[in-house]
Amino acid sequence: MHYSLVHYPKFERKTEENIEAFRRKYDSFVDCWKPHIPFIFPVPSNEIEEEKFTEHVETVLKKWKPFPIQIGGFTKSWDHWLLLLLKKGNEKAIALHDELYTGILSPLLRRDIEYIPHIGIGLFVKKDAGYNALDPKIVDFDAKQYSQALKEAKSLKIDTFDTVDRLVLNKVILKVHTSLHIERTVVSSKEIKL
């Protein structure tokens, strides 16, 4: 069992369809989760009690007001994901992420990885590289496929405005079948407004 906290952006229908088609081609986890901006990455339930986790998240979010974001632009992450970025609202998203990883979540913060507010839309690792989404490490990069995908992504001309006005706390069962296939079962979801 894992907990996570994400924002599901609202896209215009055509943009949503384009992102879905792109992810079907390049994101082996497309059926596990909808496009989202992660604020708390999956936390194993044995690391923290659900009640304390939920209470901490709600306490932090009570202090926050909704903030606008603009989604557009791309970069490659350290573990070879193609990330759709925030053009606006980036600073506030980082501040919210950092505030969430205080107190009881502080020991779970990956200080070795810079937080970049994003939507992961494709993973570009070699087929037998042994990538594990629940414990990512640097593995062999598929540069040729990435280069092709980046051109395709840019041609989508994604430039979308949204408001981070609610986050969704998910409690999920994640079963890793292979390095690029995870089965995800949602046990519960709780929407928390800012």
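Described below are features of the structure shown in this document. Because the structure is predicted, anything quoted here is derived from the model rather than measured.

Cut-offs and rules
- Residue positions are counted from 1 within each chain, in the order its sequence is given.
- Only residues with pLDDT of at least 70 are given local features in this predicted model, and only at 80 or more are side-chain atom pairs given and counted; all residues enter the totals for whole chains, interfaces and linings.
- Here the side-chain values reflect all heavy atoms present in the structure, with hydrogen atoms and water set aside.
- Every helix listed is a DSSP run of H or I at least four residues long, and every strand listed is a run of E at least two residues long, numbered separately from the N terminus.
- Radius of gyration here uses only the C-alpha atoms, and the compact-globule reference equals 2.2 Å multiplied by the residue count raised to the power 0.38.
- Here the term buried applies to any residue with accessible area under 20% of the maximum for its type, exposed to any over 50%, and partly exposed to those in between, with areas from a 1.4 Å probe on protein chains only.
- A contact between two residues is defined here by any heavy atoms of the two lying within 4.5 Å.
- All accessibility values rest on the Shrake-Rupley procedure with a 1.4 Å probe; residue burial counts only the protein chains present in the view.
- The charge count treats Lys and Arg as positive and Asp and Glu as negative. His and the chain ends do not count.
- Charged groups are reduced to one reference atom each: NZ for lysine, CZ for arginine, CG for aspartic acid, CD for glutamic acid.
- Each patch groups residues whose relative accessible area exceeds 30% and which form no salt bridge, using 9 Å between like charges and 5 Å between nonpolar side chains of Val, Leu, Ile, Met, Phe, Trp and Tyr.
- Throughout this description, the term salt bridge denotes a Lys or Arg side-chain nitrogen within 4 Å of a carboxyl oxygen of Asp or Glu.
- The rule is simple: put a 1 Å grid over the protein atoms alone, call a set of points where a 1.4 Å probe fits but cannot get out a cavity, call an open set with protein on both sides within 12 Å along at least five of seven lines a pocket, and count a residue as lining if it has an atom within 4 Å of a point.
- Grid points are joined across faces, edges and corners, and a volume is the space filled by probe spheres set on the points.
- Three classes are used: nonpolar for Ala, Val, Leu, Ile, Met, Phe, Trp, Tyr, Cys and Pro, charged for Asp, Glu, Lys and Arg, and polar for all others, with Gly counted as polar.
- For two strands to be treated as a pair, DSSP must find no fewer than two bridges joining them.
- Note on geometry: axes are lines fitted to C-alpha atoms, helical ones only across the stretch in contact, with angles between N-to-C directions running from 0 to 180 degrees.
- The directions considered for the arc run from the helix axis to the C-beta atoms.

### A word on the overall build of the protein chain
Phase 1: From N to C terminus, the protein chain includes four helices and eight strands.
Phase 2: Listed N to C, the secondary structure of the protein chain is β-α-β-α-β-β-α-β-α-β-β-β in terms of helices and strands.
Phase 3: The C-alpha radius of gyration computed for the protein chain amounts to 16 Å, which stays within 12% of the reference 16 Å derived for 194 residues, consistent with globular compactness.
Phase 4: On the principal axes, the C-alpha backbone points of the protein chain span a range of 45 × 35 × 30 Å.
Phase 5: Taken over 194 residues, the protein chain has a buried fraction of 44%.
Phase 6: Looking at the protein chain alone, contacts between residues at least 24 apart form 74% of all its contacts between residues at least 6 apart.
Phase 7: About 10600 Å² of surface is accessible on the protein chain, with carbon and sulfur atoms providing 51% of the total.
Phase 8: Of the side-chain charges in the protein chain, 30 are positive and 28 negative, and the distance between the mean point of each set is 4 Å.

### Some points on a nonpolar patch on the surface
Phase 1: Taken together, the side chains of Met1, Ile173 and Val187 define a hydrophobic patch exposed on the protein surface, amounting to about 220 Å² of accessible area.
Phase 2: Residue placement: Met1 occurs in the segment before β1 (2-7).
Phase 3: Take Met1: its relative accessible area is 39%, and that puts it in the partly exposed class.

### Digging into the layout of surface pockets
Phase 1: There is about 180 Å³ of room inside the second largest pocket.
Phase 2: Looking at the lining of the second largest pocket, its residues break down into five nonpolar, no polar and four charged.

### Structural notes on the sheet that holds strand β3 (residues 67-76)
Phase 1: The strand order across the open sheet built from four strands is β5-β4-β3-β6, with neighbouring strands paired in antiparallel fashion. Sheet topology places β5 (118-123) and β6 (160-164) at the edges, where each strand pairs with a single neighbour. On average, each strand axis in the sheet is tilted by 40 degrees relative to the strand beside it, whichever way the strands run.
Phase 2: Summarising the sheet, β3 and β6 pair through five bridges and their orientation is antiparallel.

### Observations regarding helix α3 (residues 90-100)
Phase 1: Every buried residue of α3 is listed here: Ala93, Leu96, His97 and Leu100. Viewed end-on, α3 has its buried residues packed into an arc of 100 degrees, placing them on one side of the element.

### A few points about the environment of Gly130
Phase 1: Relative to the helices and strands, Gly130 is located in the loop between β5 and α4 (143-155).
Phase 2: According to the relative accessible area criterion, Gly130 is partly exposed, its value standing at 49%.
Phase 3: Sequence separation between Gly130 and Asp140 is 10 residues; the distance between their C-alpha atoms is 8.8 Å.

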